[in-house]
Every structure is written in structure tokens, then in C-alpha cells.
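Summary of the model geometry
Single-letter residue listing:
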Amino acid sequence: MKINNKITIIGISLFSTMALLNSQAISVKSDNNNDNNSTLVTSKDDSSITKVPLILKSDVGSDNKVYAPEDTPTELTGEFNISSDITEDDLPNSLKEIPGYTLNYISDSKIDLDEDGNVKPIVINYTANKDTPYTITYIDKNTGETIGTHHAKTGLMGTQFNYSLDVLTDDEIAPNFNVSEYHTDSIEPKNTLTQYDQSFTAYVIDTEPITATFIQTNSSGELLYPTTTIVNYPTNIMGDTIVIDSNTLSIPDDLSIDWEKSLYTGTHDGQGGSLGFEFLLNNVQSTEDLDESCNFIDLFNTLAFSIDSGSYEPMDMTFNIVYKTTKNTISYQTSDGTEVGTGSAEDGLGHTISNDIISSQLPKEYRLVDDSTEYTITDSTDPIIVLVQKDQNSGGSGNGSGSGSGSNNGGDTDTGSEDSIENIDNTISTYPGSAPITLYDNDGNELDQAVAPGSDWYTDQKKTVGDNIFYRVSTNTWVNASDAYIYYANKATVRTYSDSNKSLTTADNKTVNRGIKSGTDWYSNRYAYFNNEKHYQVATNEWVHSDDIYEYQSASSKITTNKATETYDDLGNNINTIANASSYYTDRVATINGVQMYRIATNEWVPVSDVN
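Just so we're clear, the structure is a prediction, and the values are computed from it rather than from any experiment. (Residues numbered from 1 in each chain as written. Predicted model: local features only at pLDDT ≥ 70, side-chain atom pairs only at ≥ 80, totals over all residues. Heavy atoms only, no water.)

1. With respect to the sheet that holds strand β13 (residues 198–206)
Quick note on the threshold: DSSP-based pairing: two strands are paired if at least 2 bridges between them are found. Only runs of H or I of at least four residues qualify as helices and only runs of E of at least two qualify as strands under DSSP, and these elements are numbered from the N terminus. Throughout, an axis means a line fitted to C-alpha atoms (over the contacting stretch in the case of helices), and angles, computed between N-to-C directions, take values from 0 to 180 degrees.
What the four strands build is an open sheet, ordered β11-β10-β13-β12; its pairing is mixed. The open sheet has two free edges, formed respectively by β11 (146–155) and β12 (182–188), since each of these has just one partner strand. Across the sheet, the axes of successive neighbouring strands diverge by a mean angle of 25°, strand direction being ignored. Where strand β10 (residues 132–140) lies against β11, seven bridges are found, and the strand directions are antiparallel. By the bridge assignment for β11, Thr 137 is matched with Thr 149.

Written as C-alpha cells, this is what we have:
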């Protein structure tokens, strides 16, 4: 017997058959998993179909799952006929407007039964929108502090997203946190969007810096370049390496490295020691290209120092690079062979001695007989003879600075009271910004001229006109003091004290929305006074208070205590006692609490007076 030409009843009793024919009951299987739910129809006419199962499909994701709210229907209810079509009008709003999705089309829309008499599911297809919002809160795993909150607006339901710290914008970072000093550890829940406007918590770990310091000297130990310090932080890329180039480190291109005298000092988690470069060379897989002509950048990159993302412990590396140079004595003589002065020059063999070196050591009241003569470095112990003669102008106007100074101080068209002008000798920098800095004439009137923001200038006069103060930067050209600040050139390496992270300010004394980590090294090329308080510049328009850092100088030597002595941290707190005749390698010297000290570990110092 057939029912609706679809369901065949075989092998049952007549009584059972008649009971079934008289029944209008419908058996429904349904859940919220969007599986192929089926509805078994046991009716004798089409109008008895009251529930139609649904499958919701997304256009993204490996399983094409639609992440709908829990109360989203998984079936349609009502009176339906076989072969009738389900249209968008038959759908409730909860299916038309699923957050994060756009209804696309309905496939398999015709109501039909499968061979077992079950109503086939209707498939509703959705397009995942690319504007789904979500929030990531970044928490320091060790301290529980919030270091930033990212509000994303371009999520895609059912897909994974990037939760690295790179997604944080400057205004999303909490004050006094430098995100470059952290790396992400984990995220909860898993980084897949399964809810609209979902919130996630990413846990981050405070990473320790890897510091590489480069000290380049000639054979006599004199610096060829300012000491350069590079601070790196571990990445999430295992085996990532530190790479340097000519923009990172200036090196002489015509001097050979003295491998035997050069020294590598490394500390890891407070432990370490000094090693010769021979040790490093033994760790290079191929040293065929590392010969006399090899420069240090090639060596460093070939060694491939790895930023180990597994340990996140502090590491300091110091490279004392010694170049092969020869020092010659210069004998300044008159034509009759009388020596009237001496000097010296040091460079690579065969290198031409610069005219500046020759002239800078001239005896007082003498000048070169021929300033076109070239002198070269030799391996001879005999002095280089430079012919000089008495300067006929000596005792007159001097070096010319007097006439120049007189012109600047009174020879141009300055007006107003003499009391309003002060002779100074300073450098100023205009405040950074986007607008050009207006210039003024001698009377304080605006000129149709301007200088760039964030530019440096020498000034020799300070003038008061009414309530305004001006600095002179050229003849009849002045900068308003409200547009600039005085700074002092000072090339130095500084380190933040280890007690806490340090805040930063701009030159106009505004707080920067980030800070720098305690116990980290920075290069500074100037300092200035803001509100009569000294600050060091450590980045473009970012300054740290002098109370938060200390200057240090690089050193590379072995020291031995001359008595049992105390060691201190950078705040001057006693942390240890070491025995007499204990030997350590030191990589830097600094003044701690008014006492000059050598560093013997990451944050452990011994007084200079207590060692040999």
C-alpha cells in the first residue's frame, strides 16, 4: 500500500495499516547543530507536513558552519505541501538577520521527501560579513595588568584572526607600556570568531631584551666611532636572528680587524664571560670568506645570533672590535731642521694622514709651508717630518674669530635697547609638528619665511621684544622662544634604573602614551631642561627624566678585587659580598650613587676603588 505515492507500508497487519491511515501524527527529530535533521512524514496527504528541517551554510570555513545565536530556529513550522517552494518570505526575521551574516539564497528550496519518507532539509546560504566587531584585551600573564585593548571592526565569522601585539594602535596601549617588550602567549577562547561582538583575552609575557654593544677602537684603544648599542627583543619566530647593516653600524671600510685582540663578552641571565673572536669563528660553519678583508658586519651576520623565543631571559653581548692600525710620531720642523713641536697620527699602513690631523697639532704661531703635501702612515719608527714656518699674522687679529664676533654682536641692523639683547652660545631645536615655524625680523615682526619643525639651529643672541623672547638664527632672522627649546649635544649611552618602567615626555612636556622598560639601554645624542628638570632624548621627540636613567661608558677588561667587598645594584642597594682576589670581566663603568663602579653582571656593580 502507498501513501501520497511516496511511503510504502509492507508486511504489517490490516489492523495496523488502518490505524496508521487514520492517524495524523507527525514524528520530528530536531536539534540545534544544523545537521541533516529529518522529519518522518506518516500522513496520508500533503497538508500534514508541519515541520521542515533547515541547514544553515556559510561561504567561509572548512565546515561552512553558520555561528548563529542559540535561539536561532533549526526548522520551519507551519502547513506545507509537497513540491511547494520555501522562499525568503517564509523565513522568520531571526533567520533573515543573523548577526555577522547576510542572507544570500535558498538552495534545495522545494519541499520533498527522501526514500525513507523523511522531509528533506532546506538549505539556507549566508555570506559572512567582513565588518564583524570583536575585542581583544591583552593581559600581562605575570602581573595581571592590562597593557592594551584592541577594538576590531573587520572580523569574519567562522574564521581565525591575528592576535599578535602588532594589531594594537598607539591609542589602544595603556600608558607606560612598550608593547615591543612583550610577546603573546595564549588567547581565550580560541581565536576563531563564533559570536558577534565577541570578547577575547590574550595573555602576554614580559620579554627581556637582547642587547648588542659595539665598541670599535684602533690598536691604541682609541674609539674610532661612538659606542653603538642595539636593543632587540625576542620574537614569536623561533630562530629569528639579529641582522645589522651599514645603517645600523658605521665601520671603517679600509681597516682590517685584529682578530687576536678583539673580544666578545656575553652574559645570559646574569652569567657569562669574555671570549676571543677565535671562539666565535670556530662556530661559523664556513669561514672561507672571513679573512683579513672581511668586515665586521659580514662576520656578525654570518654568526647569525639567534633571538631565542623560548627562554625570554636577558642577554647582553659586547663586541670589542680592534682594528689593525699603526701610530706614527709627527715632528714639526723648520727649514733648518729645528723641531718646534710634535704630534701623532694613527691609521692603517699606507693610509694618507688627513690634513685636519696635521693642522690640528701645529705648534702655536706656526703654519704649514705647503698644505698640499701628503703624508702616509708607515711601519718605520722614524718620525714623519712636517715642514712649518712662522705665521706672519700671529699676534694680530688671531684666528679671525674676533672680527666675526664683532660683526654678529653689533655690525648688523639690530634695533632696540642694548639691555634687551644677550650674547649667548647655544643650540636650539624647533618643536616637532606639522606646521612650519614662523621667523621674525629684528623688531619682532613676522617674516614671509619659515623653518621646518623639529630642525636644529645655532643661536648667538637672545632678544626680548615686549613680552616675547627671540633667538637669532641668522642675520635679521629670529625664532620665537615659544617655538623652540635649548638643547645640549651629548652623545651618551644610558640605562633606565631597574626599579620600574619609565614614562616618556615630548619636548613640549606632554606625556607620551607609552613608556620604556626598566633596566634597558638607550642611545641619547642630547639633553635639555624642561620646567628646569633635565631630560635625555632617547627617540624622536621622546624624552626620559634624568632621575630615571644613568649614563655609562663601555669597558672591556678583567678586574680583580683587592679586598672582600660589597656589590650593589644600580640603585645603590647592597646585594652581595664577594671575596678578595675574585676576578670578573666588566663591560661598562658608571657612577652609581656618586661612586664610580664597574658592572660585573646584569645588575651587579663593584666599586672601582675595590678592584685592580
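2. Overview of the pattern of salt bridges
Just so we agree on the cut-off: The term salt bridge refers to a side-chain nitrogen of Lys or Arg lying within 4 Å of a carboxyl oxygen of Asp or Glu. Burial classes: relative accessible area under 20% of the type maximum marks a residue as buried, over 50% as exposed, and values in between as partly exposed (1.4 Å probe, protein chains only).
What the rule picks out here adds up to 13 salt bridges. In this structure, Asp 610 and Lys 563 form a salt bridge, with 3.5 Å as the shortest nitrogen-oxygen distance. Within this pair, whereas Asp 610 is found in the segment after β40 (604–607), its partner Lys 563 is found in the loop between β35 (549–560) and β36 (565–568), the two being separated by 47 residues in sequence. By relative accessible area, which is 9% here, Asp 610 ends up buried. Its relative accessible area of 42% is what places Lys 563 among the partly exposed residues. Note that Arg 599 is salt-bridged to Asp 587, the shortest N-O span being 2.7 Å. Remark: Asp 587 occurs in strand β38 (residues 583–592) and Arg 599 occurs in strand β39 (residues 595–601); sequence separation between them is 12 residues.

3. Considerations on a nonpolar patch on the surface
Put simply, the rule is: Like-charged residues within 9 Å of one another, or nonpolar side chains (Val, Leu, Ile, Met, Phe, Trp, Tyr) within 5 Å, are grouped into patches, provided each residue has over 30% relative accessible area and no salt bridge. Per-residue accessibility takes into account occlusion by the displayed protein chains alone, with areas from the Shrake-Rupley method and a 1.4 Å probe.
Together, Val 369, Ile 385 and Leu 387 line one region of the surface with nonpolar side chains, adding up to about 250 Å² of accessible area. By the element assignment, Val 369 lies in the loop between β21 (366–368) and β22 (384–390).

4. A few points about the environment of Pro 363
The following threshold applies: Residues are treated as being in contact if the distance between any of their heavy atoms lies within 4.5 Å.
Tracing the sequence through the fold places Pro 363 in the loop between α5 (355–360) and β21. With a relative accessible area of 12%, Pro 363 lands in the buried category. Sequence spacing of Pro 363 and Gly 341 is 22 residues, and the spatial spacing of their C-alpha atoms is 5.5 Å. Excluding its chain neighbours within four sequence positions, the residues that come into contact with Pro 363 are Tyr 332, Val 340 and Gly 341.

5. Thoughts on the sheet that holds β22
Strand-to-strand pairing in sheets goes through backbone hydrogen bonds, with the strands running parallel or antiparallel. Strand order in the open sheet formed by four strands is β20-β19-β22-β21, with mixed pairing between adjacent strands. Edge positions in the sheet fall to β20 (339–347) and β21, since each has one partner strand and no second. Each adjacent strand pair in this sheet contributes to an overall mean axis angle of 35°, direction not counted. As defined by bridge partners, β21 adjoins β22 across three bridges and the pair is classed as antiparallel. Directly across from Arg 367, in β22, lies its bridge partner Gln 389.

6. Let's talk about helix α4 (residues 296–303)
Residue pairs three or four apart in sequence face the same way in an α-helix, which turns once every 3.6 residues. Inclusion rule: In this description, the arc belongs to the directions extending from the helix axis to the C-beta atoms.
When we look at burial in α4, the residues that qualify are Phe 296, Ile 297, Leu 299, Phe 300 and Leu 303. Angularly, the buried residues of α4 cover 160° about the axis, an arc narrow enough to put them on a single face.

7. Some remarks on the environment of Pro 436
Its location among the elements puts Pro 436 in the loop between β23 (421–430) and β24 (437–440). Along the primary structure Pro 436 and Val 451 are separated by 15 residues, whereas in three dimensions their C-alpha atoms are 5.7 Å apart. Sequence-distant contacts of Pro 436, defined by excluding residues within four places in its chain, comprise Ala 450, Val 451 and Pro 453.

8. Describing the packing of aromatic side chains
Inclusion rule: The pairing test for Phe, Tyr and Trp rings, Trp by its six-membered ring, is centres within 6.5 Å, and the orientation test on the planes gives stacked under 30 degrees, edge-to-face over 60, and tilted for anything in between. Two limits define a charge over a ring: the Lys NZ or Arg CZ must be within 6 Å of the ring centre, and within 35 degrees of the ring normal.
Evaluated as defined, the whole model comprises 19 aromatic pairs. Taken together, the aromatic side chains of Tyr 431, Tyr 485, Phe 530 and Trp 543 make up a single cluster linked through ring pairs. It is Arg 588 that lies over the ring of Tyr 552; its NZ or CZ is 3.9 Å from the centre.

9. Comments concerning unusual backbone geometry
Here the bond from Glu 188 into Pro 189 is cis, since omega is -15°, no more than 30 degrees from zero. Relative to the helices and strands, Pro 189 resides in the loop between β12 and β13. The backbone of Asn 64 sits at a positive phi, close to 55°, despite the residue not being glycine. Following the sequence through the fold, Asn 64 ends up in the loop between β5 (49–58) and β6 (75–80).

10. What to know about the nonpolar core
In plain terms, the rule: Each nonpolar core is a collection of buried residues, namely Ala, Val, Leu, Ile, Met, Phe, Trp, Tyr and Cys, held together in the definition by side-chain atoms within 4.5 Å.
Ranked by internal contacts, the top residues of the largest apolar core, which has 43 residues, are Tyr 126 and Tyr 138. Broken down by secondary-structure element, the contributors of at least two residues to this core are β5, β6, β7 (101–107), β9 (122–128), β10, β11, β12 and β13.

11. Some words on the pairing of β5
Among the 10 residues that make up β5, seven are buried, leaving the element largely enclosed by the rest of the structure. Sheet topology note: the β5/β6 ladder contains four bridges and is antiparallel. By the bridge assignment, Val 52 is partnered in β6 with Leu 76.

12. Observations regarding the pairing of strand β25 (residues 446–451)
Across three bridges, the pairing between β24 and β25 is antiparallel. If you follow Ile 437 over to β25, its bridge partner there is Val 451. Between β24 and β25, which pair antiparallel one after the other, the connecting turn spans five residues, and Gly 444 there sits at a positive phi close to 85°.

13. Focus: the side chain of Gln 216
Using the following cut-off: Whenever a nitrogen or oxygen atom comes within 3.5 Å of another N or O atom, the pair is scored as a polar contact, on the condition that within protein one atom can donate a hydrogen and the other can accept it, and that pairs from neighbouring residues in sequence are kept only if both atoms are in side chains.
Within the fold, Gln 216 resides in strand β14 (residues 210–217). Relative accessible area serves as the criterion here: at 2%, Gln 216 is assigned to the buried category. A distance of 2.7 Å separates polar atoms of two side chains, one belonging to Gln 216 and the other to Tyr 323. Dropping the residues within four chain positions of it, Gln 216 is found in contact with Glu 222, Leu 223, Leu 224, Tyr 225, Leu 249, Ser 250, Ile 251, Pro 252, Ile 321 and Tyr 323.

14. Observations regarding the confidence of the model for the chain
Stated precisely, the cut-off is as follows: pLDDT gives the predictor's per-residue confidence on a scale running from 0 to 100.
Summary statistics for the chain give a mean pLDDT of 80 and a share of 79% for residues scoring 70 or more. At the low end of the mean pLDDT range in the chain sits helix α6 (residues 401–410), at 32; at the high end sits β9, at 96. A low-confidence stretch, residues 268–274 (pLDDT under 50), is modelled with 19 contacts involving residues beyond four sequence positions or located in other chains. The low-confidence segment residues 283–289 (pLDDT under 50) makes six contacts with residues lying over four places distant or belonging to another chain.

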